[in-house]
Every structure is written in C-alpha cells, then in structure tokens.
There are 2 protein chains.
Amino acid sequence: MSQTAQPPAGPLGGAGAGGRSSARPTLEEVAALAGVGRGTVSRVINGSPRVSEKAREAVQAAIAELGYVPNRAARTLVTSRTDSVALVVPEAETRLFSEPYFSDIISGVSAELAETDMQLLLILVRNQRERERLSAYLTAQRVDGVLLVSVHQDDPLPSILESLEIPSVLAGRRGDLEPLSYVHADNAGGARMAVRHLLRRGCRQVATITGPLDMEVAQARLGGYRRALEEAGRPYDEELVGLADFTEEGGRLAMRELLERRPDLDGVFCASDLMAAGAMQVLRAAGRRVPDQVAVIGFDDSIVARHTDPPMTSVRQPIEEMGRTMARLLLEEIAERGRARRQVVLATELVVRDSA
Amino acid sequence: MSQTAQPPAGPLGGAGAGGRSSARPTLEEVAALAGVGRGTVSRVINGSPRVSEKAREAVQAAIAELGYVPNRAARTLVTSRTDSVALVVPEAETRLFSEPYFSDIISGVSAELAETDMQLLLILVRNQRERERLSAYLTAQRVDGVLLVSVHQDDPLPSILESLEIPSVLAGRRGDLEPLSYVHADNAGGARMAVRHLLRRGCRQVATITGPLDMEVAQARLGGYRRALEEAGRPYDEELVGLADFTEEGGRLAMRELLERRPDLDGVFCASDLMAAGAMQVLRAAGRRVPDQVAVIGFDDSIVARHTDPPMTSVRQPIEEMGRTMARLLLEEIAERGRARRQVVLATELVVRDSA
DNA sequence: CTAGAGTGTGGGAGCGCTCCCACAGCGCAT
DNA sequence: ATGCGCTGTGGGAGCGCTCCCACACTCTAG
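These numbers come from a predicted model, not from an experiment. (Residues numbered from 1 in each chain as written. Chains lettered and ligands numbered in written order. Predicted model: local features only at pLDDT ≥ 70, side-chain atom pairs only at ≥ 80, totals over all residues. Heavy atoms only, no water.)

1. Thoughts on the relation of the copies chain A and chain B
Here is step 1 of the chain: With an axial shift of 0.0 Å and an RMSD of 0.1 Å, the rotation relating chain A to chain B amounts to 180°. Taken together, these values place the two copies in the relation of a two-fold axis.
Here is step 2 of the chain: Mapped onto chain B, 98% of the interface residues of chain A are again interface residues, and the two copies thus contact each other with one and the same surface. (Least-squares fit on C-alpha atoms with pLDDT ≥ 70 in both. Contact = heavy atoms within 4.5 Å.)

2. Remarks on the domain arrangement of chain A
Here is step 1 of the chain: Per the domain assignment, the segments making up chain A are domain 1 (22-70), domain 2 (84-185 + 320-346) and domain 3 (187-316).
Here is step 2 of the chain: A C-alpha centroid distance of 36 Å is found between domain 1 of chain A and domain 2 of chain A. (Domains from an automatic or database assignment.)

3. Considering the protein's contact with DNA strand C
Here is step 1 of the chain: Close to DNA strand C lie 26 residues, the nearest being Thr40, Arg43 and Ser52 of chain A together with Leu27 and Tyr68 of chain B.
Here is step 2 of the chain: Take the atoms of DNA strand C that sit within 4 Å of the protein: sugar and phosphate atoms are 64% of them.
Here is step 3 of the chain: Gly37 of chain A places a polar main-chain atom, nitrogen or oxygen, 2.7 Å from a phosphate oxygen of DNA strand C.
Here is step 4 of the chain: Leu27 of chain B places a polar main-chain atom, nitrogen or oxygen, 2.3 Å from a phosphate oxygen of DNA strand C.
Here is step 5 of the chain: Counting residues per element, the ones that place at least two in the surface near DNA strand C are α2 (38-45) and α4 (72-79) of chain A together with α2 (38-45) and α4 (72-79) of chain B.
Here is step 6 of the chain: With five residues, the top contributor of residues to the surface near DNA strand C is α4 of chain B.
Here is step 7 of the chain: Per-class residue counts for the surface near DNA strand C are 11 nonpolar, 10 polar and five charged. (Near = heavy atom within 4 Å. Polar contact = N/O pair within 3.5 Å; in protein donor to acceptor, adjacent residues only side chain to side chain. Helix = DSSP H or I, 4+ residues; strand = E, 2+ residues; numbered from the N terminus. Nonpolar A, V, L, I, M, F, W, Y, C, P; charged D, E, K, R; others polar.)

4. Thoughts on the state of the cysteines
Here is step 1 of the chain: For the structure shown, the criterion picks out zero disulfides over all chains.
Here is step 2 of the chain: The thiol sulfur of Cys203 of chain B is not disulfide-bonded, and the nearest other cysteine sulfur, from Cys270 of chain B, lies at 12 Å. (Disulfide = S-S within 2.5 Å.)

5. Points about the side chain of Ser110 of chain B
Here is step 1 of the chain: Along the chain, Ser110 of chain B turns up in helix α6 (residues 101-114).
Here is step 2 of the chain: Aside from chain neighbours lying at most four places away, what touches Ser110 of chain B is Leu124 and Arg126 of chain A.

6. What to know about the pattern of salt bridges
Residue and element names in this part refer to chain A.
Here is step 1 of the chain: One pass over the structure, following the stated rule, counts 54 salt bridges over all chains.
Here is step 2 of the chain: Across the pair Glu216 and Arg173 runs a salt bridge, and its minimum N-O distance is 2.8 Å. A residue pair is termed long-range when its members are at least 10 positions apart, and Glu216 in helix α10 (residues 216-231) and Arg173 in the loop between β4 (168-171) and β5 (181-185) qualify at 43 residues. For the pair Glu216 and Arg173, one class covers both residues: buried.
Here is step 3 of the chain: Here Asp300 and Arg221 are joined by a salt bridge, their closest N and O atoms 3.9 Å apart. (Salt bridge = Lys/Arg side-chain N within 4 Å of Asp/Glu carboxyl O. Buried < 20%, exposed > 50% of the residue type's maximum accessible area, 1.4 Å probe, protein only.)

7. Points about the sheet that holds strand β6 (residues 206-210) of chain A
Residues and elements named next belong to chain A.
Here is step 1 of the chain: Overall, mixed pairing links the six strands, which are arranged β7-β6-β8-β9-β10-β12 in an open sheet. Taken across any chain shown, the strands that pair with only one partner, and hence form the sheet edges, are β7 (241-243) and β12 (349-351). Going across the sheet, the axis of each strand differs from the next one's by a mean of 20°, ignoring polarity.
Here is step 2 of the chain: When strand β9 (residues 295-300) meets strand β10 (residues 313-316), the two strands line up parallel, connected through four bridges. By the bridge assignment for β10, Asp300 is matched with Arg316.
Here is step 3 of the chain: Contacts from α10 reach β6, β7, β8 (267-270) and β9, with the element oriented near 170° to β6. (Pairing = 2+ DSSP bridges. Axes fitted to C-alpha atoms, helices over the stretch in contact; angles between N-to-C directions.)

8. So, the packing of aromatic side chains
All names here are of chain A.
Here is step 1 of the chain: For the structure shown, the criterion picks out four aromatic pairs over all chains.
Here is step 2 of the chain: Seen from their ring centres, Phe269 and Phe299 are 6.2 Å apart, and the 65° between their planes marks the pair as edge-to-face. Of this pair, Phe269 sits in strand β8 while Phe299 sits in strand β9, and the two are 30 residues apart along the sequence.
Here is step 3 of the chain: Positioned above the aromatic ring of Tyr236 is the side chain of Arg226, whose terminal nitrogen or guanidinium carbon lies 4.0 Å from the ring centre. (Phe/Tyr/Trp six-rings, centres within 6.5 Å; stacked < 30°, edge-to-face > 60°. Lys NZ or Arg CZ within 6 Å of the ring centre and 35° of its normal.)

9. What about the protein's contact with DNA strand D?
Here is step 1 of the chain: Taken together, 27 residues surround DNA strand D, and among them Leu27 and Tyr68 of chain A together with Arg38, Thr40 and Ser52 of chain B come closest.
Here is step 2 of the chain: For DNA strand D, the backbone makes up 64% of the atoms found within 4 Å of the protein, where backbone means sugar plus phosphate.
Here is step 3 of the chain: Within the backbone of Leu27 of chain A, one N or O atom sits 2.4 Å away from a phosphate oxygen of DNA strand D.
Here is step 4 of the chain: Contact distances for DNA strand D include 2.8 Å between a phosphate oxygen and a side-chain N or O atom of Ser42 of chain A.
Here is step 5 of the chain: When residues of the surface near DNA strand D are traced back to their parent elements, those giving at least two are α2 and α4 of chain A together with α2 and α4 of chain B.
Here is step 6 of the chain: Here the residues of the surface near DNA strand D are counted per class, giving 11 nonpolar, 10 polar and six charged.

10. Regarding the packing of helix α9 (residues 187-200) of chain A against α10 of chain A
Residues and elements named next belong to chain A.
Here is step 1 of the chain: It is the contact of α9 with α10, at a shortest axis distance of 7 Å, that shows an interaxial angle of 40°. Judged on the interaxial angle alone, α10 and α9 are oblique. Considering how the two elements wind past one another, α9 and α10 form a crossing that is right-handed. When α9 is examined against α10, the residues Asn187, Ala188, Ala191, Arg192, Val195, Arg196 and Leu199 are found in contact with a partner set consisting of Val217, Ala220, Arg221, Gly224, Tyr225, Arg227, Ala228, Leu229 and Glu231. (Parallel < 35°, antiparallel > 145°, perpendicular 65-115°, else oblique. Left-handed = near helix turned anticlockwise from the far one by under 90°.)

Rendered as structure tokens:
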C-alpha cells in the first residue's frame, strides 16, 4: 500500500498543495497552470525560438512550481530519438587493458556527456551469443549512437556497426583505412619518442617487445620503433624484435629469448608496461642492472609503471581525453546525421622515471 | 535523403517482400500476420499463460518472420517500468578504488544483467551540481533501481535513495545499521586472517596502517586487526596503529611514524595494497628487509600487490562476485516491490606471496 | 482600404504498447 | 432446459509527448 514514488519535493513542498495529485506532473498540467496550450509548453521545453517572452516566462514558472520533468519514454516514442548512447566493450579486450584504462575511458565519456542529457549505457559483450543480442539490440534502435572499444583487427563488431549505419566512434582503429570514426593515441609517435630516448641515452643495441601484430596498436608501436632506428641511421634488426602478447608472462618469455639471441642488448622498448615489468624481472634474474646495463621503457604509463623497481619510464596516452573526444565526436555525428568520418589522433608523452 | 535505419535483415531478407514497408514492424502488424488481435500478441510476448497453444505458435511465427522487436519506449510509457538500472559511482570514490575494482564490479553487474533484458546505465557523479541532477533524474523515475558504489559515511547519496524509496543496493555500507540493501566483503574477517597469519609466522609486534576511519571498510579492517590480537592474548597497543588514507603516500608517512615510535615492530598489516606498497618502500629505505625483519600484508590483492618487490601477501575480496550479487539483489528487490532489506557478506581470502 | 506575409498559438492526431473490459465458447452442476 | 464459472480472445482507451495544421493576430506593402 506504500506509494511508489515521493512527490517531487519541489520548492513548494510535497503533498500539501491540496488540489494537485502527487503523481508526476505532465506537460498538460504545466500548460493548464501556465494558461497556455500544450504546443507552447513543448516549444519552451525544446528551446524553440517561436515563443513570446510572456508565454515562455509563464511556462517556466509553471514548470518550476510543479517540478515538472519531461517523460523520456513519451518523447522517445514520438521522436524515436532515445537520447542515449552505448559504450560497448568486448569482454575479451578487457583483459588487455592497461589498468586504469577502462575507468579512464568511462570517466572521459561520462564527463563529456554530463553536459548534455544523454544517458550512457554500458554494454559488455562476452561471447558470440551476446554479440548477436547486441546486434538485435542495435537494430532495434535503442541507442542514438555507439562508442566501441575494440582493438582486434578481426573483431566483427565494427563491421556490424558499419552495416547498421548507426553513428559510432571507435577507440583505436582496425587499420589505416578504418571507415568508421575513431580516436586513438599516437602510438607510433610515442614509440618513436621512447626509442629516441634510449638512443640519446647511449644505448647501442635497442630491442623491442611487441604486442600481437593483429592489433593495430602493436603494429603502430613497432613501426615507431623502426622509424626511430632508421632516423638514427641504425639498421632494423629482426633479431632484436621479440613478439609477445601484451601480458607480463609474455614479456618474460620474449625477454628471455631476446637475451639469448642478443646478449649484447642494452635497451628494450616494450609495447606495454606489463611486458616491461616482466622483462625487468627477467633482466634482474639474469643479473643485468636496470637501467645501468639495460634501459627499459614501457607503454601506457599504467599503475604498474609506478610500482616496478626501479620505477618505469613509460609512454603515456591521454586515455581520459580519448574518452572525452570519442563522446564529442559521437554527439556531433548524431547531431548532423551526416555520415562524415572523423578521426582524431591524440599526442602521447614520455614519462621519464628511473628505468631509462 | 538517406534512410535512417536499415531493414531488420531478417531471415526473409530486407526490402524485397513487396507489400510490407521497411520500417520496424509493430505489434499490430504481427497481430495482422498471425491473424489474431493485439492483445494476444502482447500476451505471448509477455509470457502470459492465458494463450492457446495454437495462437502462441502463430504469433511466434509472425514475430520471427517480421523480425519483430518490441518498442521499449512504448512499453515504458504505459507500464512506467524502464527495464534499466543505474550504476552510480561518485567520482571522488573512484580515486580510492584498488585498481581493477571498478572494472570488476561492472563486469559482475553486467554478467548478472545479461541474463535479463535490463539495461545498465552508468552514472558518474563528480560534484554537487551533478548530485542534484542525479536526484532530479531519479525522481523522474528513469530507472527501476540503483546500484550505488559509495564508501564514505557522510555521502548524501544513500539517504537520497532512501527517501526516494527506489530499489537500491550499495557496495559496502555506511555502518552496522545500514537501512539500504548492501553487499560487502568480510573486511573484518580478512584483516583478522591477515594478522593471524603474521602472528603464526612468529611476529611479536604487529602494527597496522588503517584507512580513514570515517569509512566503514577502514573501521572493519582495524576491528579485525584488533580482534586477532585479542584472540591471541596480545594487548591492543595504540602506538602500533598508524592512521592513513589508503594512498601510497599515506602509507609511507604512517610507516615512518610507526618506525619511529616502535622500532621493534616486525609485522605490518596495511588496510590497502597501496599503503602496503608505500610502507615497503619506507622499510627498505630504513634498511629493514621484507619479510625477514618485517613482514607486510596488504588488502585488496590489486595489481600492485603482484608487482611490488617482494610480491605482496594480500587479502583478496571477490569484487566481481560483489557486482554480480548486487545486481541479483537489486533485481529481486525490483521484482517484489517489497522493501525488504537484504545484506550479503562475501568471504575474503588471504593470498600468500612473499612479503609475509 | 485590402492583400499578403509573417509571427505566435491551440489542439488534434498519433507514436506502439499494455491494461482491462466485454464477450464468445465451452464444460459442468443444477 | 438454465445457470454458472472458467478460458481465451479482440479491441477501445489511454500512457505523455511531438508534429503539424489551422487559425488569430500583427505588420507592411500596394
């Protein structure tokens, strides 16, 4: 027998006012109180210029008095806008994220959306079944746009979005000719910076440990490594390239192999902090001092970079800003309905600590 | 001039079928095709038992043929259910989370919700203004329930939820007599386990570094420390208690003070991994070997625990399961509309590594 | 003066669904 | 035969909004 909801508890207080019920006020009631028609109230709410000053004020007063809040469902029903966007994260990727990544993306997206009255829906996709459900979901037009965190080249989700023609923005891209809008960090530039730092420090044999090369990020970081070497007139030596998978264990394995192949190496650029952490452990176990004998640089500037011994030099990507930018691009795309592809590359930065 | 959406691309293919338009099919069209009334289709969709087998089959066939998906807005408009829940995270708390915390909570919540067709809305609240907006938002009944991640005793959000009488579940609780439903880890038990481990290991002077005592988690962990000592017949000595704020820097400060006050200490239980990491740094700088001279245990089993030197023994809380449980409780609470308070305490676990 | 173009306004129609009432059809007890 | 209940069904009403048409009223030009 209890009430489902409280009265709005507006400036005039709750149930007191006598006549009016405690249910949520509707646009119609606002119109009645303001002495205008429904159309006018709607126009005021939606910021139409075609309303007289007098009417606008009356309506606004009525809205304030009643504590009126528009019913989103009713609006959606007629406009078929939902005023919400989805952030879609394939669960598999989740394991690859450098640690505060996810929170930072969310934080950025949410910050940008806070200005608007867009809702943020979070959708984690953990398997094929859920991928199909997502497809159905999106086809049913339940969101105005999609932010997709996806890194693998063979992820089917981007193509789905493409064919659905729903406004969407990717974090990262599948390749150079990514047809969808995307935001990503300057991975190549960051890697180049890191390797130049190693060279400038006097390293003669700079190795690298890469991520899986079916990911554009991994390719780009390897590309930056290569470019820096070439710019310095050094040969690109495949023996100095260790393939791994972004994980700590992968980093350890790759480092051991590298050490065996090229015991003379004196610098390692790792495409992730986790791999760098693994590499540092192996180096230490092999009796090499970091950074004196071997300098190490990671990528991501994640939490672990601050907690290795010695603290790790790493390339920082502006993840929160990526989130913010993604949201902004998506809002633009939704607003204009025109399918202009947008791409933003954000600068990376070398955070120098003690490992290099 | 471009189409807003693609046809459903159902089994029968898109625009081909001639008569029917490419717009999303409505319940009415399903009814027509199935040769029944709207009511019957609605009953089938909502799983009412009062439908003949024959009608049900006809309707299901029609749904499949048309690729029909119910319009959520229309349903919401009449039922005033939204089929969505919000996960509310005060931004301030975000900084206190041990690192994969946020992702793990989300992952758990999302996993539980995936079974249902509930949507997950994510709301980050970063300041007073947004707190007010959230209030308005919730008053407008835009979600069926709320999951709140909040740890501070003086957070106003829980009280707001309480007075709004909206189904809600907290991660953590404000105190013993938390009136809202909540899920939390057995912090006291975990702390007790950790301290017992230290004692069993032979530590004679076990110190602790606590979090801010206006947080129930911090209190509970301190309580567990105290209890373990008392059970072992040791006195609770305030000199061995260092107050900090869950941060690494706080851990360092507290450790220095502790070391000064009680140079004889040989074990430290820290209420967070970050503080433990800070403490370990200070111990090393002071020339104390961990774990030989001073054993250290952290709390959270976060990423950093695996990356300190030596790797840290820490108390693990089942965060993903907390998320899952929160979602489950919330669904129950929404389903029954009865405001029965639910509380679940999940067991913690000591992960033994090298620091103790 | 009238015609015409603009401005501001009210309110009908209708978005796609659920709710609920009315009613048909059946079996069973009276 | 009549009455009653129960099951399954169709469809009207209506949720709260936006869209858009019609209209009143103003102002300017002819």
